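Notes for the structure review
Okay, here's what each chain looks like letter by letter:
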Amino acid sequence: MNEYLKNADKIEFVVTLACTGRCIHCQNGDPPACSPHLDPAVAAEAVYGICGEYGIRTVMTFGGEPLLYPRTVAAIHRAARECGVGKRQLITNGYFTRDKERIAQTVAELSLCGVNDILLSVDAFHQADVPEEYAAEFALRVLDAGIPLRLNPAWLVSRDDANAYNEETRRIVGRFKALGVLEVTGDVIFPAGRALEYLSSYFDENTKGSPYDDDPYDVRTVSVGADGETLGGNIYENGIVDILRSYRPE
Ligand code: SF4
């Protein structure tokens, strides 16, 4: 076991950076004109390899919009379930097609592959580009399928702050709650990516930075990028077990 990874208990996959949204708070920065996406079989192999070495308790898929590539999402979560990973999460904006039949098929695939925690990003920022109608259709299908679903809005300054974005977010959240999505979590926006450009007037010296930065000497989350990069290696070029064993903090 690599001592720098001995506490690793989570794997995150950026399935793609391609997205249907162009949110002004996006912490990935400007959406790329084109983005690679992870190959389903290669990503699943990484899950098997990492889970064989460490006690992984959570596997998360996100993006970009991960459901632009549902086969990759399904392959990752199927592998996670086979490895006994308890928490299998997906973050999505719910908008990956306007075809309602395809929404239904995708939700059926999510149900079969074992995703058990869907976080739906709905708020004033996402709904500037993501038509609420399609995100709502997705939410209703997920509820019908019995997959646990939470609303995951982005709050500006704090969850309780009374700025105009939060007020609009509260209205949107209320409409999704009326559909039957009762649990609401969400994160406070931190200064990174496009938020630095478009929302800088809301940040001051008290604003907290990213809560997701890992200590390179005590990595808790193995993060795999849309291009396969992870821990100084690449799952398309190196075996994941070799990457895990040879990782050293820079
Ligand atoms: S949906 Fe997510 S990844 Fe896409 S632009 Fe919005 S914040 Fe960024």
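The rules behind these values
- Residues numbered from 1 in each chain as written.
- Predicted model: local features only at pLDDT ≥ 70, side-chain atom pairs only at ≥ 80, totals over all residues.
- Heavy atoms only, no water.
- Near = heavy atom within 4 Å.
- Nonpolar A, V, L, I, M, F, W, Y, C, P; charged D, E, K, R; others polar.
- Core = buried A, V, L, I, M, F, W, Y, C linked by side-chain atoms within 4.5 Å.
- Buried < 20%, exposed > 50% of the residue type's maximum accessible area, 1.4 Å probe, protein only.
- Contact = heavy atoms within 4.5 Å.
- Phe/Tyr/Trp six-rings, centres within 6.5 Å; stacked < 30°, edge-to-face > 60°.
- Helix = DSSP H or I, 4+ residues; strand = E, 2+ residues; numbered from the N terminus.

What follows is about the site of the ligand. All residues in the neighbourhood of the ligand are listed as Cys19, Gly21, Arg22, Cys23, His25, Cys26, Asn28, Gly64, Asn93 and His126. Tallied by class, residues from the shell around the ligand come to three nonpolar, six polar and one charged.

Moving on, we come to the nonpolar core. Counting residues in hydrophobic clusters, the biggest one holds 59 residues, and the most contacted among them are Phe13, Leu110, Ile118, Phe138 and Phe176. When residues no more than four places from it in sequence are discounted, the contact partners of phenylalanine 176 are Leu120, Val122, Glu132, Ala135, Ala136, Ala139, Leu151 and Val181. Counting residues in hydrophobic clusters, the runner-up holds eight residues, among them Phe125, Ala154, Leu156 and Ile189.

Once that is clear, we can look at the packing of aromatic side chains. Counted according to the given criterion, the structure contains seven aromatic pairs. With a centroid separation of 5.9 Å and an interplanar angle of 75°, the aromatic rings of tyrosine 4 and tyrosine 217 are classed as edge-to-face. Separated by 213 residues along the polypeptide, tyrosine 4 in the segment before strand 1 (10-16) and tyrosine 217 in the loop between helix 6 (194-198) and strand 9 (221-224) bring together distant segments of the chain.

Following glycine 63, the chain continues to glycine 64 via a peptide bond in cis, the omega torsion being 20°. Take glycine 64: it is sitting in the loop between strand 2 (58-63) and helix 2 (70-82). The backbone phi angle of valine 157 is positive, close to 75°, even though this residue is not glycine. Relative to the helices and strands, valine 157 resides in the loop between strand 6 (154-155) and helix 5 (164-179). We classify valine 157 as partly exposed; its relative accessible area is 40%.

Functional significance is not addressed by these values, which are geometric in nature.
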